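Remarks on the overall topology
Here are the chains, one letter per residue:
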Amino acid sequence: MLHTPAAFTPLIDPPAHTDRPLTFIFHQGKLLLQAATPTVPDGPLPLDIPASRLHPVGVWNGRYCQAAWADSDALPVDGYAWHNLRSLFGNADEGLLAVAGRASQIADWARTHRHCGACAAPMQRAQGERAYKCTACGHTAYPQICPAMMVLIRKGDHVLLARHTRSTTALYTALAGFLEAGESIEEAVHREVFEEVGLRVHDLRYFHSQSWPFPNSLMLAFTAEYLDGEIRPQAGEIDDARWFGPDDAWPETPTSLSIASELIAAHRPRRDPPRIAR
Ligand SMILES: [Zn+2]
């Protein structure tokens, strides 16, 4: 699971001196990396980026980090390459990925809020907070973070795993879904569980949360105990949903740096080792 590195401090204004900043440049979900290391550009920018597109992210290991976006993924100069951010998960330094996850959300927010969503006038950066303010009507836009829930349902020594229809692999995972406006996280868990598999649950227990920058989710993970109902997979959403116990063949489950992999691994049913008679 991805965590913000301990040696990271967020910033909304650039520091007075920005010697050799680390610049996280994005184009459509791809991050520009120096091919040899691989790390982000750490000096003069390898492509033309207007200063208005440079946004403070924070200080990581004493280095100032900024986010930006590019108009195209034409390779700027030799020695650089674009990498799909998602494909880097599990395949690059975790500190770099955590800062890149923040930077990608800031860059994407900045790219999509240059004009006011209410009156279409140009927006400008607000003072003292990470926000854009409309120059005409005063509408303020903050980075958008979309809460989502994930839940692993337990029934005795079994857990419920499901395969999604949109999944391109045979992966089984915990149930998950986005919150609707006006809903509490607990209400979302109960609603999604009933919609996706027709079950009712109780005894929700918080597990962990994780920022998921594809594009801007905050995933809050829970376990819940089965209450009642028969599994009824939601058409068009869930291909298959089953109880898996300690004696069942374990399906392919998520790996990499996702919270799903930790939630499932932490609650995987296992046979207790036989007791040794004394
Ligand atoms: Zn406006």
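Residues numbered from 1 in each chain as written. Predicted model: local features only at pLDDT ≥ 70, side-chain atom pairs only at ≥ 80, totals over all residues.

A few words on the domain arrangement of the chain. For the chain, the domain assignment lists domain 1 (8-112), domain 2 (115-143) and domain 3 (146-266). Placing a centre on the C-alpha atoms of domain 2 and another on those of domain 3 gives a separation of 37 Å. (Domains from an automatic or database assignment.)

Let's shift gears to the sheet that holds strand β8 (residues 132-134). Ordered by their spatial adjacency, three strands build an open sheet running β7-β8-β9, and the pairing between neighbours is antiparallel. Two strands lie at the open edges of the sheet, namely β7 (123-125) and β9 (140-141), each paired on one side alone. One ladder, built from two bridges, connects β8 with β9; its direction is antiparallel. Bridge pairing in β9 links K133 to T140. (Pairing = 2+ DSSP bridges. Helix = DSSP H or I, 4+ residues; strand = E, 2+ residues; numbered from the N terminus.)

Going from F214 to P215, the amide bond is cis rather than trans, its omega being 0°. Its place among the elements puts P215 in the loop between β13 (200-212) and β14 (217-228). In this structure, R20 takes a positive phi of about 45° despite not being glycine. Of note, R20 is situated in the loop between β1 (8-10) and β2 (22-27). With a phi angle near 50°, Q28 is a residue other than glycine that sits in the positive phi range. One can find Q28 in the loop between β2 and β3 (30-34).

With that settled, the discussion passes to the environment of M149. Along the chain, the position of M149 falls in strand β10 (residues 146-155). Along the primary structure M149 and I185 are separated by 36 residues, whereas in three dimensions their C-alpha atoms are 6.8 Å apart. Not counting residues within four places of it along the chain, the set of residues in contact with M149 comprises A176, G177, L179, I185, A188, V189, E192, L220 and F222. (Contact = placed C-beta atoms within 7 Å.)

It is worth spelling out the sheet that holds strand β6 (residues 80-84) at this point. The sheet built from six strands is open, its strands ordered β1-β4-β5-β2-β3-β6 with mixed pairing. Lying at the two open borders of the sheet, with one neighbouring strand each, are β1 and β6. Strand after strand, the sheet turns through a mean of 30° between neighbouring axes, direction not considered. Docked against the sheet, helix α2 (residues 94-111) engages β1, β2, β3, β4 (55-60) and β5 (63-69), running at close to 165° with respect to β4. (Axes fitted to C-alpha atoms, helices over the stretch in contact; angles between N-to-C directions.)

Moving on, we get to the environment of P233. Following the sequence through the fold, P233 ends up in the loop between β14 and β15 (238-244). Between the C-alpha atoms of P233 and F194, which are 39 residues apart in sequence, the distance is 9.5 Å. P233 has contacts with V197, I238, D239, D240 and A241, leaving out every residue within four places of it along the chain.

So, on to α2. An α-helical turn contains 3.6 residues, so any two residues separated by three or four positions project in the same direction. Taking 1.5 Å as the rise per residue, α2 with 18 residues should run 26 Å; its terminal C-alpha atoms sit 25 Å apart, in good agreement. Counting buried residues along α2, 13 of its 18 residues qualify, which places the element largely inside the surrounding structure. (Expected span 1.5 Å × (residues − 1). Buried ≥ 20, exposed ≤ 12 C-beta atoms within 10 Å, placed from the backbone.)

On to helix α3 (residues 185-197), then. Taking 1.5 Å of rise per residue, the 13 residues of α3 would be expected to cover 18 Å, and the 18 Å separating its terminal C-alpha atoms lies within 8% of that figure. Inspection of α3 places A188, V189, H190, E192, V193, E196 and V197 among the buried residues, and these make up the whole buried set. Against the buried residues of α3 lie β10, β11 (158-164), β12 (175-178), β13, β14 and β15. Positive phi shows up at G198, right after α3, with a value of about 75°.

Predicted confidence across the chain gives a mean pLDDT of 93, with 98% of residues reaching 70 or more. Of all helices and strands in the chain, the one with the weakest mean pLDDT is helix α1 (residues 85-88) (90), whereas α3 scores best (98). (pLDDT = per-residue confidence, 0-100.)

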